[in-house]
Amino acid sequence: MKLQVFNSLTRQKEEFVPLRGKKIGLYTCGPTVYNFPHIGNLRTYIFEDILKRALKKNGFMVKHVMNVTDVGHLVSDADEGEDKMESSAMAQQKTAGQIANFYLKIFKADIRKLNIKSPNTWCRATDHIREQINFIKGLEEKGFTYRTSDGIYFDSSKITDYGKLANLDLTGLKAGARVEASIKKKNQTDFALWKFSPANKKRQQEWKSPWGIGFPGWHIECSAMSQKYLGETFDIHCGAIDLKPIHHTNEIAQSEALNDAPPARYWIHGEFLDLGDTKMSKSKGGFITLDDLIKKKYNPLAFRYLTFATHYRTKMNFSFEALDSAQKTIDNIYKDISTWSRPSKGSAEYEDKFFSAVNDDLNMPKAIAIMHDMINDPKLGTARKKRSILKFDSILGLDFAKVRKQAIKIPRHIQKLAHDRQTLRVAGQYDQADIIRQQMEKIGYSVNDTAEGPTISRI
């Protein structure tokens, strides 16, 4: 089965067809580095990691670019309020650069702990001011911008299909449904490309531009940097679902206005992680970090495994009870693997089913169920199970290959009982063989009949 993905732009599942042979351009919206990443954020990066692994499994070469927002992300989607970076710096009495470096370091450490593969290119907004200015100049030359008292804005009314990604009701938005009314804007869906620094206050982060001293709007960074590293049109753009109606919608509008071409062919979004009935949010407080889980003695990979139980396009409700179950499950798999030998081949049947589930729009709940069906299949030898599980881990990223085989010393009298039982089974004396099996279990050992012969393990 070829890889199928759900394209938010067309609102349907489609077979993935690359733009340029086997080379794939993948852009994922990265962190705004003003605070700790929480596990809701990390769920998005796990789903994107699964996508990246699936692309590679299908033979594609992935060029992955991730932005780092370290300027311009205001607290309001109406392009008003404080810059999150400046506010965090002021609150902690540090520079914006120190804040960005501190939280980016934590983010990178978190994704390493979760076995999320790093992008080929990290690109920080503050390192690409020139590219953003040039992008805005291009839009200005084509007549898509206008000036207000506080910045340069994009005129969304000049885009005939503005809002197509999120299927926005522009009539409702003009009445102020999305953002608070602003007398500075011509249209409520217009957005800032460049913001002027306040006249009575010097910002930590500000630059000269053709329009005055200021800083770039939030949306322009992704369009400018994705174009620089991946070209005017690339294959896949990913992010969390909350980016769809504003940030990604505005990316599409400004990129298509400048280039007369879509920035990306496929747009893929991951749903929220909730705490009860509440979306996990930094702005509202009360979020959980990966370090919080580690302090409670959870393996970070238990959280990674937990996210597989819910499809990436479905809201996930987090609970510590569910995390406990995930921890126990992967611990049991690690324990089983440690007693299994590794053969030259696995189970083609289960491998086909597993990777077909992955290729079906990253259906990890189904893929995980298939893996457990294989683990519990009494007809399949443990050695072959291990070989297949190690192949599955190219997608799962749960470190199964790092589990060392532990030799279990079986007492001679137990080995003799198992030998006697097998002799009786070969002779067709199954009742007597079962009596020996029960005797072994009372002593604390189980025997499992596999295609390679009986195996003994401790209970």
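Predicted, not measured: the structure shown is a model, and the values here were computed from it.

**Description of the domain arrangement of the chain**
Domain boundaries assigned for the chain yield domain 1 (4–270), domain 2 (290–402) and domain 3 (412–458). When each unit is reduced to the centre of its C-alpha atoms, the spacing between domain 1 and domain 2 is 33 Å. Counting from both sides, the interface comprises 24 residues of domain 1 and, opposite them, 30 residues of domain 2. Summing both sides of the interface, domain 1 and domain 2 together bury roughly 2,300 Å²; the carbon and sulfur share of this comes to 61%. Three residues, I39, R43 and I50, lead the burial of domain 1 against domain 2; their summed loss comes to 28% of the area buried on that side. Across the contact surface, domain 1 and domain 2 share 2 salt bridges. Residue D360 pairs with K13 through a salt bridge whose shortest N-O separation is 2.6 Å.

**Some thoughts on the pairing of strand β7 (residues 151–154)**
Here 3 bridges tie strand β6 (residues 145–147) to β7, and the two strands are oriented antiparallel to one another. Bridging across to β7, T145 finds its partner in F154. In this sheet, strand β8 (residues 191–196) lies alongside β7 in antiparallel orientation, the contact comprising 4 bridges. Across the sheet, residue F154 finds its bridge partner in β8, namely F191.

**Structural notes on the pattern of salt bridges**
A full pass over the atoms with the stated rule returns 23 salt bridges. Here D83 makes a salt bridge to R203, at a shortest N to O gap of 3.1 Å. Of this pair, D83 sits in the loop between β4 (61–68) and α2 (84–92) while R203 sits in the loop between β8 and β9 (214–216), placing them 120 residues apart in sequence. Judged by its relative accessible area of 2%, D83 falls in the buried class. On the accessibility criterion, R203 (9% relative accessible area) is buried.

**Here we look at the environment of T189**
Relative to the elements of secondary structure, T189 occurs in the loop between α5 (170–174) and β8. Residue classification places T189 among the buried positions, given a relative accessible area of 10%. Remark: the alpha-carbon pair of T189 and Q415, spanning 226 residues in sequence, is separated by 75 Å.

Procedures and definitions
- Residues numbered from 1 in each chain as written.
- Predicted model: local features only at pLDDT ≥ 70, side-chain atom pairs only at ≥ 80, totals over all residues.
- Heavy atoms only, no water.
- Domains from an automatic or database assignment.
- Contact = heavy atoms within 4.5 Å.
- Buried area = accessible area lost by both parts, 1.4 Å probe.
- Salt bridge = Lys/Arg side-chain N within 4 Å of Asp/Glu carboxyl O.
- Pairing = 2+ DSSP bridges.
- Helix = DSSP H or I, 4+ residues; strand = E, 2+ residues; numbered from the N terminus.
- Buried < 20%, exposed > 50% of the residue type's maximum accessible area, 1.4 Å probe, protein only.

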